[in-house]
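Overview (structure and organization)
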Amino acid sequence: MTSGMWIIRVVGAISLLVVTCTASAYGPRIEIDPAVDLIAKAWSGYGKRFILQDGRVQRPRNGGDTVSEGQAYALLIASLLDDRKTFDRVLDWTERHLSRKGRTGDHLLAWHWEPGKGVTDWNSASDADLDYALALITASARWSDPRYTRKARLILSDLLDLETEMVDGHRYLLPGSWRKGRDSYIINPSYLSPAHFRIFFQCTGDSRWNDLIEGSYHLIERTSKSLAGVPGVGLVPDWLLIAQDGALIPAKGFSDRFSWDAIRTSWRLGIDALWFGEDRARRDLDGISDFYTREWERRGGLFFAEYTYEGTPTQKYERVAAYAMSLSALARSNSPALTGVLEKLRNAFDKETSLFEGSDDYYTNSLVLLALIFYREGKLPTLDPRNIGCR
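Quantities reported herein were computed from a predicted structural model and do not represent experimental measurements.

A short note on the overall build of the chain
Along the chain, the regular secondary structure elements total 14 helices and 18 strands. For 391 residues, the compact-globule estimate of 2.2 N^0.38 gives 21 Å, and the C-alpha radius of gyration of the chain, at 20 Å, lies within 12% of that figure. Taking the principal axes of its C-alpha atoms as reference, the chain extends roughly 55 × 50 × 40 Å. For the chain, with 391 residues in total, the buried portion stands at 59%. Long-range contacts, defined as pairs at least 24 residues apart, comprise 63% of the intrachain contacts of the chain with a sequence gap of at least 6. Counting every atom, the chain has about 15200 Å² of accessible surface; 48% of that belongs to carbon and sulfur. The average position of the 49 basic charges and that of the 51 acidic charges among the side chains of the chain differ by 3 Å.

Focus on the sheet that holds strand β5 (residues 66–67)
Strands sit in the order β5-β6-β7 across an open sheet of three strands; the sheet is antiparallel. Each of the sheet's edge strands pairs with one partner strand only, and the pair in question is β5 and β7 (118–121). By the bridge criterion, three bridges tie strand β6 (residues 112–114) to β7 in an arrangement that is antiparallel. For E114, the partnering residue across the bridge sits in β7 and is G118.

Structural notes on the nonpolar core
In this structure, F87, F200 and L327 are the most contacted members of the largest nonpolar core, which totals 124 residues. With 11 residues, the top contributor of residues to this core is helix α14 (residues 362–379). Sequence-distant contacts of L327, defined by excluding residues within four places in its chain, comprise R332, L338, V341, L342, L345, A371, L372 and Y375.

Some points on the packing of aromatic side chains
This model, assessed by the stated rule, comprises 23 aromatic pairs. By way of ring pairs, the aromatic residues F258, F291, Y292, W296, F303, F304, Y307 and Y323 are connected into one cluster.

Overview of the sheet that holds strand β10 (residues 184–187)
Paired through backbone hydrogen bonds, the strands of a sheet run either parallel or antiparallel to each other. Pairing in this open sheet of three strands is antiparallel, and the strands run β10-β13-β14 from one edge to the other. What marks the edges here is a single partner per strand, and that holds for β10 and β14 (248–249).

Focus: the pattern of salt bridges
Summed over the entire model, instances satisfying the criterion amount to 31 salt bridges. A salt bridge links K344 to E318; the shortest N-O distance between them is 3.0 Å. With K344 in helix α13 (residues 338–347) and E318 in the loop between β16 (313–315) and α11 (320–325), the pair connects residues that are 26 residues apart, well separated along the chain. On the basis of relative accessible area, K344 is assigned to the partly exposed category, the value being 24%.

About the thresholds
- Residues numbered from 1 in each chain as written.
- Predicted model: local features only at pLDDT ≥ 70, side-chain atom pairs only at ≥ 80, totals over all residues.
- Heavy atoms only, no water.
- Helix = DSSP H or I, 4+ residues; strand = E, 2+ residues; numbered from the N terminus.
- Rg over C-alpha atoms; globule rule 2.2 N^0.38 Å.
- Buried < 20%, exposed > 50% of the residue type's maximum accessible area, 1.4 Å probe, protein only.
- Contact = heavy atoms within 4.5 Å.
- Areas by Shrake-Rupley, 256 points an atom, 1.4 Å probe, with all protein chains shown as cover.
- Lys, Arg positive; Asp, Glu negative; His and termini not counted.
- Charge placed at Lys NZ, Arg CZ, Asp CG, Glu CD.
- Pairing = 2+ DSSP bridges.
- Core = buried A, V, L, I, M, F, W, Y, C linked by side-chain atoms within 4.5 Å.
- Phe/Tyr/Trp six-rings, centres within 6.5 Å; stacked < 30°, edge-to-face > 60°.
- Salt bridge = Lys/Arg side-chain N within 4 Å of Asp/Glu carboxyl O.

Next up, the structure:
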């Protein structure tokens, strides 16, 4: 038992009541954090609406299809919430239906599956493969089961070989195996996950993971300052193109806004700041927090879901996903917008469905859960990152 903290498990392994009197990564802990109860209810609603009995995670808004990202999100959330029953059910479907081993010989996941058709696109998606591997490693640490670790190591080997590339002296994460061997490379900054890479290095000893950490921060810090000569405001685009000489430019045919992809960047950087105390993550998060805080104050207590790279709203609408993904940045700097954002998230929770915003919106509900879990970990940790390793 951690000094000064008592954890009482209620209703299986999902609901946690945490009473504490010690300091935390985000400041003094409160007696009982309301995020704990909200997470438990939201996970219950998520399981009922999006996770089918056979372990498939459906996207109701997209004809009930499935993407590897969704399976990986559910696995990661289940491992973080100590929900082994759900984890094993989702893992079983994932391995039986999305495995590329029989098709391409590797251990990555096919990214798209449709009811009645099966896999409709065998290309991989690296963000899903990263979260899939981390979920297996977290599961191994949670439940002391080396079988999960063995699976993770196979994924990690293929991920390095098929989904990373050296460009102008830096190793970068590609969006999938489909981008290997090109003259220029499309990059999605919101896929870059330095904390994942640190854990993967601990598991494998392969120095390419350390190279990926350096390449990721090199790209994020450059991109947040300027893109193709356009001055930045601390934000990164959804997508960009990196040429063989290292030049960063907008990717034709892909969004260069700060919107539905790029909002995840602060969550991924936030893990590295929270678990490993990375100063570069803290600086980048502070830049994002400063932007959000200025918008919050300028617009009377709100900010929007989509902005240009230069920080101008492209469409003036709010979304719960954007508020949720801002938590890592706002909490790190104790922004005056933090309390208001948390209130918006609570108000967006539908008590009847136990879901956020739209009952058919798998993506928003996934991001809110992940954001709240890591916000909770900053205040009431249930995982010690030093113990998250391959067994």
